[in-house]
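Report on the structure
So the chains spell out like this:
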Amino acid sequence: MPADEPILEHPAPEAPAGKLILLRHGETEWSRTGRHTGLTDIPLTARGEDLARRAGALVADYDFSLVLTSPLVRAQRTAELAGLHAEIDPLLVEWDYGGYEGRTTKDIRAELGYGWSTFTHGVIPGRTPGETVEEVAARASRVLTRVLPAMSQGDVALVAHGHFLRILTAVYLRLAPRFGAQISLDAGSVSVLGFAREQPAILSWNYGPELPSAPAES
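Just so we're clear, the structure is a prediction, and the values are computed from it rather than from any experiment. Going along each chain's sequence as written, the residues are numbered from 1 onward. Only residues with pLDDT of 70 or above have their local features reported here, since the model is predicted, and side-chain atom pairs are shown and tallied only from 80 upward, although totals for entire chains, interfaces and linings are computed over all residues. Side-chain descriptors were evaluated using all non-hydrogen atoms of the structure, hydrogens and water having been removed beforehand.

Turning to the overall build of the protein chain, a few remarks are in order. Per the convention used, a helix needs a DSSP run of H or I reaching at least four residues, while a strand needs a run of E reaching at least two, with both numbered from the N terminus. Assigned secondary structure in the protein chain consists of seven helices and six strands. Scaling as 2.2 N^0.38, a compact globule of 218 residues should have a C-alpha radius of gyration of about 17 Å, and the protein chain matches this with 17 Å. With the principal axes as the frame, the protein chain shows a C-alpha extent of 50 × 35 × 35 Å. In the protein chain, of all internal contacts separated by at least 6 residues, the share reaching a separation of at least 24 is 71%. Method for areas: the Shrake-Rupley scheme with a 1.4 Å probe, in which residue coverage is limited to the protein chains shown. Just so you have it, the protein chain exposes about 10600 Å², and 53% of that area is on carbon and sulfur atoms. Residues scored as charged are limited to Lys and Arg (positive) and Asp and Glu (negative), so that His and the chain ends carry no count. Each charge is placed at NZ for Lys, CZ for Arg, CG for Asp and CD for Glu. The protein chain carries 20 positive and 27 negative side-chain charges, and their two centres are separated by 6 Å. Radius of gyration here uses only the C-alpha atoms, and the compact-globule reference equals 2.2 Å multiplied by the residue count raised to the power 0.38. For this analysis, residues touch if any pair of their heavy atoms sits within 4.5 Å.

Looking now at the pairing of strand E4 (residues 155-160). Successive residues of a regular strand alternate their side chains across the two faces of the sheet. Whether a residue is buried, partly exposed or exposed follows from its accessible area with a 1.4 Å probe, protein chains only, as a fraction of its type maximum: under 20%, in between, or over 50%, in that order. Of all six residues in E4, six are buried, a share of seventy percent or more. With burial as the criterion, each face of E4 is covered, one bearing Asp155, Ala157 and Val159 and the other bearing Val156, Leu158 and Ala160. Sheet analysis places strand E1 (residues 20-24) next to E4, joined by five bridges and oriented parallel. The residue bridging leucine 20 from the neighbouring strand is valine 156, located in E4. For two strands to count as paired, DSSP must find a minimum of two bridges between them.

Let us now look at the packing of aromatic side chains. Note on ring pairs: Phe, Tyr and Trp rings are taken, using the six-membered ring of Trp, and paired if centres are within 6.5 Å. Classes follow the plane angle, with under 30 degrees stacked, over 60 edge-to-face and the rest tilted. Enumeration over the complete set of coordinates arrives at five aromatic pairs. Chaining the aromatic ring pairs together yields one cluster made of Trp95, Tyr97 and Phe119.

Direction vectors running N to C along helix H6 (residues 133-150) and helix H7 (residues 162-172) enclose 65 degrees, while the axes themselves pass 9 Å from each other. If you check the angle between H6 and H7, you find them roughly perpendicular. Classified by chirality, the crossing of H7 by H6 is right-handed. Contacts between H6 and H7 involve Val133, Val136, Ala137, Arg139, Ala140, Ser141, Val143, Leu144 and Leu148 on the former and, on the latter, Phe164, Ile167, Leu168, Val171 and Tyr172. Each residue is assigned to one class: nonpolar for Ala, Val, Leu, Ile, Met, Phe, Trp, Tyr, Cys and Pro, charged for Asp, Glu, Lys and Arg, and polar for all the others, Gly among them. Residue composition of the contact of H6 with H7, by class: twelve nonpolar, one polar and one charged. To obtain each axis, a line is fitted to C-alpha atoms, and for helices this fit is confined to the stretch in contact; angles are then taken between N-to-C directions over 0 to 180 degrees. Reported orientations rely on four angle classes, namely roughly parallel under 35 degrees, roughly antiparallel over 145, roughly perpendicular from 65 to 115, and oblique for the rest. For a crossing to be left-handed, the near helix must be turned anticlockwise from the far one by less than a right angle; the clockwise case is right-handed.

Salt bridges are identified by distance alone: a Lys or Arg side-chain nitrogen within 4 Å of an Asp or Glu carboxyl oxygen. Evaluated as defined, the whole model comprises twelve salt bridges. Note that glutamate 49 and arginine 53 form a salt bridge whose closest N and O atoms lie 3.7 Å from each other. In this pair, glutamate 49 and arginine 53 are both assigned in helix H2 (residues 46-58), four residues apart and thus about one turn of the helix distant. In this structure, arginine 139 engages glutamate 131 in a salt bridge whose closest nitrogen and oxygen atoms are separated by 3.0 Å. The exposure class of glutamate 131 is buried, given its relative accessible area of 15%. Each of Glu49, Arg53, Arg77 and Glu80 takes part in one network of salt bridges that share partners.

A general trend in soluble globular proteins is that nonpolar side chains are found buried together. Counting residues in hydrophobic clusters, the biggest one holds 35 residues, and the most contacted among them are Leu20, Leu158, Phe164, Leu168 and Tyr172. Taken together, the elements giving at least two residues each to this core come down to E1, strand E2 (64-69), H6, E4, H7 and strand E5 (190-196). Top contributing element to this core by residue count: H6, with nine residues. The residues touching leucine 20, leaving out its near neighbours within four places in the chain, are Leu144, Val147, Met151, Val156, Leu158, Leu168, Tyr172, Ser191, Val192 and Leu193. The nonpolar core is taken to be a set of buried Ala, Val, Leu, Ile, Met, Phe, Trp, Tyr and Cys residues, with the residues joined through side-chain atoms within 4.5 Å. In terms of nonpolar packing, the next biggest core, distinct from the first, is built from 13 residues, Ile21, Val67, Ala79 and Val159 among them.

Have a look at this one:
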């Protein structure tokens, strides 16, 4: 644990009563076109801003004890438009895609000649080193060590990114991080995690103003 990371005074309860609300940021130009958007800091589209406002209406009745956002502008702006007063947590940044940053799955597969995916085959170094799925899961686990005790005081919201939140959900459910590949998450969507009979559970997933017609591309 880094020296500047606080040590929790109280361990997480086994099944806190609060809910964990996951809000994926609204649409960006890169998410709209399926480009992998890791640490590149790009703004929301006009539609993305509208999705953020509509997500805010979905979470208005929750009693938040803690709201955290990724430091990237697309997440911070989503939190603002959703009416959430969020604290920045650097651990909530998106997967570092390294050399695949800004590229689409279709383009990468055409170059490699096989059915590449981030979850199965990982990324390569580029302008940034890139991360393995296990490294992203380790970040998610550190977030949850802070979130779970706060859930005993009320609901918690995380405003972050598609791949990161899918991996965090897998960790929350006590499953392998690659389970995240099996749960799609759309821009501007709201998902709810909690506990059912003391077991971590998905209570609502990928909820938004529109039913998805296809899996999210990024």
